[in-house]
Amino acid sequence: MPAREILFDGDYGPRHLTSVEFDQLAALWKQEPDAFERRELAGLARRATRTARFLQYAEFVVGLLLGLGILAALFVQPVPLSLALGLPVVVTVFWYSWKSHALGNLALLVDRSGRDAFVESMARSKAAHLARSTIGLCLFLPTIVVTSMAIHSWKGGTLDGYVQAMALAMTKTGGIVTMVVLLVALLLFIRTNLRLRQELGRLQLLCGEYREETRFAAEPG
Amino acid sequence: MVAEASREELFSEVATRHTGLISRIALSYEADPSLRRELMQDILLAVWVALTAFRGDSSLKTFVASIAQKRSISHVTRRAREPRQVELPPDLVSGAATPDEIAMQNDRKKHLVKSIQLLPIPQREAIVLCFEGFSYGEVGQVLGISPNAAMLRCQRAKSSLTAIMGRDI
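Residues numbered from 1 in each chain as written. Chains lettered and ligands numbered in written order. Predicted model: local features only at pLDDT ≥ 70, side-chain atom pairs only at ≥ 80, totals over all residues. Heavy atoms only, no water.

Caption draft 1: Here's a closer look at the overall build of chain B. Counting its regular elements, chain B contains 8 helices and 0 strands. Listed N to C, the secondary structure of chain B is α-α-α-α-α-α-α-α in terms of helices and strands. (Helix = DSSP H or I, 4+ residues; strand = E, 2+ residues; numbered from the N terminus.)

Caption draft 2: Geometry of the pattern of salt bridges. Counted according to the given criterion, the structure contains 11 salt bridges over all chains. Measuring nitrogen to oxygen at the nearest pair gives 3.0 Å for the salt bridge that ties Glu213(A) to Arg156(B). Placement of the pair is Glu213(A) in helix H7 (residues 173-218) and Arg156(B) in helix H8 (residues 147-165), with the two residues belonging to separate chains. As far as burial versus exposure is concerned, Glu213(A) and Arg156(B) are alike and both buried. Measuring nitrogen to oxygen at the nearest pair gives 3.4 Å for the salt bridge that ties Asp42(B) to Arg71(B). (Salt bridge = Lys/Arg side-chain N within 4 Å of Asp/Glu carboxyl O. Buried < 20%, exposed > 50% of the residue type's maximum accessible area, 1.4 Å probe, protein only.)

Caption draft 3: How the structure looks around the interface of chain B and chain A. Counting residues at the interface gives 75 residues for chain B, matched by 58 residues for chain A. The tally of links between chain B and chain A comes to 3 salt bridges. In this structure, the connection of chain B to chain A is made through 13 residue pairs in polar contact (both at pLDDT 80 or more). When contributions to the side of chain B that touches chain A are tallied by element, the ones reaching two or more residues are helix H1 (4-17), helix H2 (19-29), helix H3 (33-50), helix H4 (60-78), helix H5 (99-118), helix H6 (121-131), helix H7 (136-143) and H8 of chain B. Per-element tally for the side of chain B that touches chain A: the top contributor is H4(B), with 11 residues. (Contact = heavy atoms within 4.5 Å. Polar contact = N/O pair within 3.5 Å; in protein donor to acceptor, adjacent residues only side chain to side chain.)

Caption draft 4: Representation of the nonpolar core in the model. Counting residues in hydrophobic clusters, the biggest one holds 71 residues, and the most contacted among them are Leu112(B), Ile127(B), Phe131(B) and Leu161(B). If sequence neighbours within four positions are ignored, Ile127(B) has contacts with Phe22(A), Ile116(B), Leu119(B), Ala157(B), Lys158(B) and Leu161(B). (Core = buried A, V, L, I, M, F, W, Y, C linked by side-chain atoms within 4.5 Å.)

Caption draft 5: Representation of the packing of H4(B) against H6(B) in the model. Residues and elements named next belong to chain B. The interhelical angle for the contact between H4 and H6, taken along N-to-C directions, is 150°, at an axis separation of 12 Å. Here H6 runs roughly antiparallel to H4, going by the angle between their axes. For the crossing formed where H4 meets H6, the hand is right-handed. Of the residues in H6, those touching H4 at Ala65, Gln69, Ile73 and Val76 are Ile121, Glu125, Val128 and Leu129. (Axes fitted to C-alpha atoms, helices over the stretch in contact; angles between N-to-C directions. Parallel < 35°, antiparallel > 145°, perpendicular 65-115°, else oblique. Left-handed = near helix turned anticlockwise from the far one by under 90°.)

Caption draft 6: Examining the packing of aromatic side chains more closely. On inspection of all chains with the given rule, the structure shows 5 aromatic pairs over all chains. Plain terms: the ring middles of Phe140(A) and Phe189(A) are 5.4 Å apart, the flat faces sit at 65° to each other, and that makes the pair edge-to-face. One end of the pair, Phe140(A), is in helix H5 (residues 115-154); the other, Phe189(A), is in helix H7, and 49 residues separate them in sequence. Classification of Phe140(A) by relative accessible area gives buried; the value is 12%. Put simply, the rings of Phe22(A), Trp29(A) and Phe131(B) touch in pairs and so form one group of aromatic residues. Sitting over the face of the ring of Trp48(B), Arg7(B) holds its NZ or CZ atom 4.3 Å from the ring centroid. Lying over the aromatic face of Phe22(A), Lys158(B) brings its terminal NZ or CZ to 4.7 Å of the ring centre. (Phe/Tyr/Trp six-rings, centres within 6.5 Å; stacked < 30°, edge-to-face > 60°. Lys NZ or Arg CZ within 6 Å of the ring centre and 35° of its normal.)

Caption draft 7: Representation of the side chain of Arg202(A) in the model. Turning to its location among the elements, Arg202(A) is positioned in helix H7. Despite its burial, Arg202(A) pairs with no opposite charge; the closest candidate is Glu199(A), at 5.1 Å N-O. A polar contact is formed between the side chain of Arg202(A) and the backbone oxygen of Thr77(B), at a distance of 2.8 Å. (Lys, Arg positive; Asp, Glu negative; His and termini not counted.)

Caption draft 8: Quick peek at the confidence of the model for chain B. Residue and element names in this part refer to chain B. The predicted model of chain B has a mean per-residue pLDDT of 85, with 85% of residues at 70 or higher. The weakest mean pLDDT in chain B belongs to H1 at 84; the strongest belongs to H6 at 96. This stretch, residues 82-86, has a pLDDT under 50; its non-local contacts, to residues over four places away or in other chains, come to 18 contacts. (pLDDT = per-residue confidence, 0-100.)

Caption draft 9: Representation of the packing of H7(A) against H6(B). Packing of H7(A) against H6(B) leaves a shortest axis separation of 8 Å and a crossing angle of 65°. Mapping the contact onto sequence places Leu206(A), Glu209(A), Tyr210(A) and Glu213(A) in H7(A) and Ile121(B), Pro122(B), Gln123(B) and Glu125(B) in H6(B). Per-class residue counts for the contact of H7(A) with H6(B) are 4 nonpolar, 1 polar and 3 charged. (Nonpolar A, V, L, I, M, F, W, Y, C, P; charged D, E, K, R; others polar.)

Caption draft 10: Representation of the environment of Ser23(B) within the structure. Along the chain, Ser23(B) turns up in helix H2. Accessibility expressed as a relative area gives 7% for Ser23(B), which makes it buried. Sequence spacing of Ser23(B) and Gln41(B) is 18 residues, and the spatial spacing of their C-alpha atoms is 9.9 Å. Residue contacts for Ser23(B): discarding those within four places in its chain leaves Glu37(A), Leu41(A), Arg36(B) and Met40(B).

Caption draft 11: Local environment of the environment of Met170(A). All names here are of chain A. Locating methionine 170 in the fold gives a position in the loop between helix H6 (162-169) and H7. You can call methionine 170 partly exposed: its relative accessible area is 41%. In sequence terms methionine 170 and leucine 196 are 26 residues apart; their C-alpha atoms lie 33 Å from each other. When near neighbours in sequence (up to four residues on either side) are disregarded, methionine 170 contacts Gly175, Ile176 and Met179.

Caption draft 12: Expanded view of the environment of Ala31(B). You can see Ala31(B) is positioned in the loop between H2 and H3. Distance in space between the C-alpha atoms of Ala31(B) and Lys114(B) is 8.4 Å, their sequence separation being 83 residues.

Caption draft 13: Region of the structure containing a nonpolar patch on the surface. All names here are of chain A. Taken together, the side chains of Tyr57, Val61, Leu64, Leu65 and Leu68 present a nonpolar region at the surface, about 450 Å² in accessible area. Looking at the secondary structure, you find leucine 64 in helix H2 (residues 35-76). Taking relative accessible area as the criterion, leucine 64 reaches 31% and is therefore assigned partly exposed. (Patch = residues over 30% accessible without salt bridge, like charges linked within 9 Å, V, L, I, M, F, W, Y side chains within 5 Å. Areas by Shrake-Rupley, 256 points an atom, 1.4 Å probe, with all protein chains shown as cover.)

Next comes the structure, spelled out in structure tokens:
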């Protein structure tokens, strides 16, 4: 039976949708698309098929190229130990790239648990992504400092002269370009982190909405 | 699991029979036409990928509706604002009616779509499925809830929609 039957509440409480009104709204909602929209929809379907086939093999090709690159590096100077370690890596890369293109986000899409569980799963995934982003952001500057200290040390510099060397480097063209690149990278990190926080906030609100619906359905009477 | 040839046939059936459903589900989440086209493309791609796991234990329409709504939820949670209050295209309604009738129907449909977009997402999903003719059992299948819970959610959605639309039903 179509999900359109609803009791009319009469004079008590809020007005409910009559079945006639519901049918009218449903007919309005489902009005057939015109010829232009039908062509547009057919075009979208064709593009989706082409994109899916392209992505299906692109990831595998990337894995193949990576594997071939590793193989080439291994066999330029073949050493038994590097071959023994490298070949399993190559096999794993081939296997992983084939598997991952097959799976994609399949598990999440076809998950048959409730919609609330789906949204909560998305929220957990987003929270984990945010945590990784936050850690990366916190480690960004210390990593820059440690790396620059290592380079300074490798060039024969001492810890005492590090600050002076960095100040001098920043007055040179190469140093200025590096600072600009690092600043842009930092701003992108921050923007990504803020975006992830906003998305997580929306997902958490949505989880609350689903919990509200579930609570309502569970209440007696 | 579905073989490659079967997936082609199933996707062809989706493209032939269910793109209207996908389009309307996308419309309930995204008013901006260009973003809606992106969302529909995303949904179709997701359906293509997910068809490998289609076991036939639900109808293809139910399967497609579930994928479409999940993708739409991902879409709106990524957007900065939701729902986007963009002016809907003037030709939302088609048909061989007179220009006055078309204009009236356009206004009614715009009001209906905007009202649906204002519903909380759990109720929005339910009301759209109701409008699409799904039974409570099928609504429950799509949403992963019991038929009884689906019925209650649909009724709450109808009440909320009535309250939003007011006298303009």
